[in-house]
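Observations on the three-dimensional arrangement
Here's the letter readout for the chains.
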Amino acid sequence: MPDIHTRIEGRAGRITLTRPQALNALTHDMCLAIETAIDAWRKDDAVALVILDAQGERAFCAGGDIGDVWRAGMAGDYDLGRRFWADEYRMNAKLADYPKPIIAFLHGFVMGGGVGLGGHVSHRIVGESTQISMPECGIGFVPDVGGTLLLARAPGRVGDYLGLTSARMGPGDALFAGFADLFIPQAHWPALTADLCQTGDAQTLAAMAAPPPESALAASEGDIETLFAGETVAVIENALAAAHSDLATGALKALRRNAPLSMALTLEMLRRLRAAPGGIREALQQEYRVSYRAVEQGDFLEGVRAQIIDKDRDPKWRFQAGDVTPDKVAAMLAPLGDRELTL
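Residues numbered from 1 in each chain as written. Predicted model: local features only at pLDDT ≥ 70, side-chain atom pairs only at ≥ 80, totals over all residues. Heavy atoms only, no water.

Bringing the pattern of salt bridges into the picture now. Taken as a whole and judged by the stated rule, the model has 24 salt bridges. In this structure, the salt-bridge partner of R272 is E268, at a minimum N-O distance of 2.8 Å. Remark: E268 and R272 occur in helix α14 (residues 260-275); sequence separation between them is 4 residues, near one turn of the helix. Looking at E268, the relative accessible area reads 18%, which means it is buried. (Salt bridge = Lys/Arg side-chain N within 4 Å of Asp/Glu carboxyl O. Helix = DSSP H or I, 4+ residues; strand = E, 2+ residues; numbered from the N terminus. Buried < 20%, exposed > 50% of the residue type's maximum accessible area, 1.4 Å probe, protein only.)

Once that is clear, we can look at the pairing of strand β3 (residues 49-54). The side chains of a regular strand alternate, residue by residue, between the two faces of the sheet. Among the 6 residues that make up β3, 6 are buried, leaving the element largely enclosed by the rest of the structure. Side-chain alternation along β3 places L49, I51 and D53 on one buried face and V50, L52 and A54 on a second face that is also buried. Pairing analysis gives 6 bridges linking strand β2 (residues 12-17) to β3, with the strands arranged parallel. Among the inter-strand pairings, I15 is bridged to a residue of β3, identified as L52. (Pairing = 2+ DSSP bridges.)

Okay, the nonpolar core next. Membership of the largest hydrophobic core comes to 86 residues, with the highest contact counts inside it found for L162, F179 and F300. Discounting residues that sit within four places of it in the chain, L162 has contacts with M134, L151, A167, M169, A177, F179 and L217. I103, I125, L182 and I184 belong to the second largest nonpolar core, which has 14 residues in total. (Core = buried A, V, L, I, M, F, W, Y, C linked by side-chain atoms within 4.5 Å. Contact = heavy atoms within 4.5 Å.)

Moving on: helix α13 (residues 246-257). With 12 residues, α13 should cover 16 Å at 1.5 Å per step; its first-to-last C-alpha distance of 17 Å lies within 8% of that length. Residues L247, A248, A251, L252, A254 and L255 constitute the buried set of α13. Looking straight down α13, one finds its buried side chains confined to an arc of 160°; they lie on one side. Among the exposed residues of α13, those pointing more than 90 degrees away from its buried face are D246, T249, K253 and R256. Against the buried residues of α13 lie α6 (158-165), α11 (221-227), α12 (233-242) and α14. (Expected span 1.5 Å × (residues − 1). Arc of directions from axis to C-beta.)

A few words on the sheet that holds strand β8 (residues 131-133). A sheet is described by the order of its strands in space; here 3 strands give the open sequence β4-β6-β8, paired in parallel fashion. Because the sheet does not close on itself, it has two edges, and the strands there are β4 (59-61) and β8. Looking at each pair of strands side by side, their axes are set apart by 15° on average, direction ignored. Note: β4 against strand β6 (residues 109-111), 2 bridges, orientation parallel. (Axes fitted to C-alpha atoms, helices over the stretch in contact; angles between N-to-C directions.)

Spatially, 6 strands are ordered β1-β2-β3-β5-β7-β9 in an open sheet, and the strand pairing comes out mixed. Edge positions in the sheet fall to β1 (4-9) and β9 (182-183), since each of these pairs with one other strand and no more. Two elements, strand β7 (residues 123-126) and β9, share 2 bridges in a ladder whose sense is parallel. Residue V126 lies in a different strand from β9, and its bridge partner there is F183. Strand contacts of helix α1 (residues 28-41): β1, β2 and β3, with the helix running at about 175° to β2, the strand carrying the most contacts. Contacts from helix α8 (residues 189-199) reach β1, β2, β3, β5 (102-106) and β7, with the element oriented near 165° to β5.

Another point: α8. Because each turn of an α-helix spans 3.6 residues, side chains separated by three or four positions end up pointing in the same direction. Taken as a whole, α8 has its buried residues at W189, L192, T193, L196 and C197. Projected onto a plane normal to the axis of α8, the buried residues spread over an arc of 135° and lie on a single side. Projecting away from the buried face of α8 at angles above 90 degrees are the exposed residues P190, A191 and Q198. G200 occupies a position one or two residues after α8 and carries a positive phi of about 65°.

Put into structure tokens, the structure is as follows:
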């Protein structure tokens, strides 16, 4: 298919995203093609490892292509999005649990669905251009594709900060927060890829690693721990408003811009994952409960309209802060019965 190139080169199964004009955003068909490829290579002895990369200089993958989901939702069809997310989450789980090494070269923008694609595999490589984020609260959604698991496992309250503010992580930040494994200068990536294809040996990656750039996120961890210690968005907002730092000012601006329901859900999802630690499947199942309802019952349609379709950056959220009660949050996270995601 024109948006993705799957093939075997030497000892490697290769998956290359080929939509640079769309920042390699994942379509439903691309998710299915990735799943088909890794299923075929799982027991193929000729394939020793899998390499994930993407064309273009700007992005590994800037998220899921949700235009079709928005258009269907506006027409009253909520099932198209549900099918897309169910298939994407199944693919995410298979990547996370794959029995062979998967090496993801994460350059440029790695956002949302890009994190689901490259953020759970065994070898996550970042370079100088890497910018990773989970920006879903800005479109009336929640961190998904297993992103809540990574956020919940980040040091201290760093995951709360990243999830609520949609802040971007450079390569040093990504390593600190647990979204990446190795920093390798991008000039070495072509030769490294060729070597992996020839040898099928992922152990050579560690020898290529270099010290990462300094992490501003790590330097701010103490302040983040203090400012994001609250159990509700309102308490966190008050702490940010009372502080007088660049970090607090930027974070407060983000919280006042993003969807109140989405942020409350994100906090509760992270809290639940920390209280009962599980794996990728537990995180995806919880995320699917929200995504199943988000188009019909949440702020997703308005957020996508404002940020992606009309691009006026002026969403009119259905749920303001005062509307977001614990009961509403619990209802969005309630089990789905026979519609529950099965992986």
